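Geometric and topological summary
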Amino acid sequence: MTRLLMLVEGQSEEIFVKRTLVPHLAQHGVYVQPPIVLWTKRLSSGGGFRGGVSSWHQIRKNLLPLMRDGDAWVSTLLDFYGLPEDFPGLPDALGAGSPQEKAVALQDRLAAELNHQRFIPFLALHEFEAWMFSSPDAVAAHFGKAHLADRLRNAVQQAGAPELINHGTDTHPKARLHSLVGGYKETSDGPTLLEKIGIATVRGACPHFNGWLQQLEALGEEAP
């Protein structure tokens, strides 16, 4: 069985990986070890703060120890939205091209910077919460608010796809959910919704996510 280490942006992503991604990849022969939530600040007294991306230095500092594991693969689950200004290649990637092309360019740059043969970088397009727009009906049912389905569908139609919901300060996926759903709780509602929606629905609506998932699934198929 192939071992996979994963650096995730926050607690929502951590819970999603544990609840939904781990059992799915296990069916493909890929064992995902408990995901590591990004350290943003360590205290000299011990402990510190986790969650969120504050700088490229912090991302690199968190990834290097994972890459010292001799036979494990390493991946990331970080958001394209809100990347720090010093992230390698960010100014160029925000220029011409489709959103997916920009995210892929940044992933390629991240791979080049770390230069590790067992590294599969991934940036959620535009962020983790976009995947919940894959099933407006499931979101509406979860919150017991039937009118939400049409509002979420309208957001997807205007953008073109869940992953194309954008970089706007008030219109990125998480902001829309907070606006549309009073009392939306990121670390409980988010992972629970994705568990209800299911991997198959998300990958069918989100090609960038699907491409990453196919890479991870293939790790088990290629193992001796």
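In this text, all values refer to a predicted model and were calculated from it rather than measured experimentally.

**A short note on the nonpolar core**
- Counting 43 residues, the largest nonpolar core has Phe16, Leu77 and Trp131 as its most contacted members.
- Among the nonpolar cores identified, the runner-up in size contains 24 residues, and Leu5, Leu78, Ala103 and Leu106 belong to it.

**Observations regarding helix 1 (residues 11–26)**
- In this model helix 1 runs 21 Å from its N-terminal to its C-terminal C-alpha over 16 residues, within 8% of the 22 Å that 1.5 Å per residue would give.
- Within helix 1, the axis deviates most sharply at Val17, by approximately 40 degrees.
- Ser12, Glu13, Glu14, Phe16, Val17, Thr20, Leu21, His24 and Leu25 are the residues of helix 1 that are buried.

**Things to note about the packing of aromatic side chains**
- Summed over the entire model, instances satisfying the criterion amount to nine aromatic pairs.
- Where Phe209 meets Trp212, the ring centres are 6.1 Å apart and the plane angle is 65 degrees; that geometry is what we call edge-to-face. In this pair, Phe209 and Trp212 both sit in helix 10 (residues 207–222), three residues apart, roughly one turn of the helix.
- Residue class for Phe209 comes out buried when judged on its relative accessible area of 0%.
- Here the aromatic cluster, defined as three or more aromatic residues joined through ring pairs, consists of Phe16, Phe122, Phe128, Trp131, Phe209 and Trp212.

**Quick word on the environment of Glu13**
- Along the chain, the position of Glu13 falls in helix 1.
- With a relative accessible area of 5%, Glu13 lands in the buried category.
- On a C-alpha basis, the gap between Glu13 and Pro191 in space is 7.4 Å, while along the polypeptide they are 178 residues apart.
- When neighbours within four sequence positions are excluded, Glu13 is seen to be in contact with Val8, Leu77, Asp79 and Phe128.

**A few points about the pattern of salt bridges**
- Considering all chains together, one arrives at nine salt bridges under this definition.
- The closest approach of N and O atoms between Glu14 and Lys18, which form a salt bridge, is 3.4 Å. With Glu14 and Lys18 both in helix 1, this residue pair falls four residues apart, about one helical turn.
- Given a relative accessible area of 18%, Glu14 falls into the buried group.
- By relative accessible area, Lys18 is classed as partly exposed at 45%.
- The salt bridge involving Arg153 is made with Asp137; its shortest N-O contact spans 3.1 Å. Of this pair, Arg153 sits in helix 6 (residues 147–159) while Asp137 is found in helix 5 (residues 136–143), placing the two residues 16 residues apart along the sequence.
- Here the residues in one salt-bridge network are Arg3, Asp69 and Asp71, joined through shared partners.

**Focus: unusual backbone geometry**
- The omega torsion of the bond from Leu125 to His126 falls at -15 degrees, within 30 degrees of zero and hence cis.
- Along the polypeptide, His126 turns up in the loop between strand 8 (123–124) and helix 5.
- The backbone of Asn115 shows a phi angle near 50 degrees, a positive value even though the residue is not glycine.
- Topologically, Asn115 is positioned in the loop between helix 4 (99–114) and strand 7 (119–120).
- A relative accessible area of 68% means that Asn115 is categorised as exposed.

**Considerations on the packing of helix 6 against helix 7 (residues 173–180)**
- Close contact between helix 6 and helix 7 brings their axes to 12 Å; oriented N to C, the two are set at 155 degrees. Between helix 6 and helix 7, the interaxial angle falls into the category roughly antiparallel. Relative to helix 7, the crossing made by helix 6 is right-handed. In this structure, helix 6 contributes Leu148, Arg151, Leu152 and Ala155 to the contact, and helix 7 contributes Arg176, Leu177 and Leu180.
- Here the residues of the contact of helix 6 with helix 7 are counted per class, giving five nonpolar, no polar and two charged.

Parameters at a glance
Residues numbered from 1 in each chain as written. Predicted model: local features only at pLDDT ≥ 70, side-chain atom pairs only at ≥ 80, totals over all residues. Heavy atoms only, no water. Core = buried A, V, L, I, M, F, W, Y, C linked by side-chain atoms within 4.5 Å. Buried < 20%, exposed > 50% of the residue type's maximum accessible area, 1.4 Å probe, protein only. Helix = DSSP H or I, 4+ residues; strand = E, 2+ residues; numbered from the N terminus. Expected span 1.5 Å × (residues − 1). Bend = angle between axes of the 7 residues up to and from the residue. Phe/Tyr/Trp six-rings, centres within 6.5 Å; stacked < 30°, edge-to-face > 60°. Contact = heavy atoms within 4.5 Å. Salt bridge = Lys/Arg side-chain N within 4 Å of Asp/Glu carboxyl O. Axes fitted to C-alpha atoms, helices over the stretch in contact; angles between N-to-C directions. Parallel < 35°, antiparallel > 145°, perpendicular 65-115°, else oblique. Left-handed = near helix turned anticlockwise from the far one by under 90°. Nonpolar A, V, L, I, M, F, W, Y, C, P; charged D, E, K, R; others polar.

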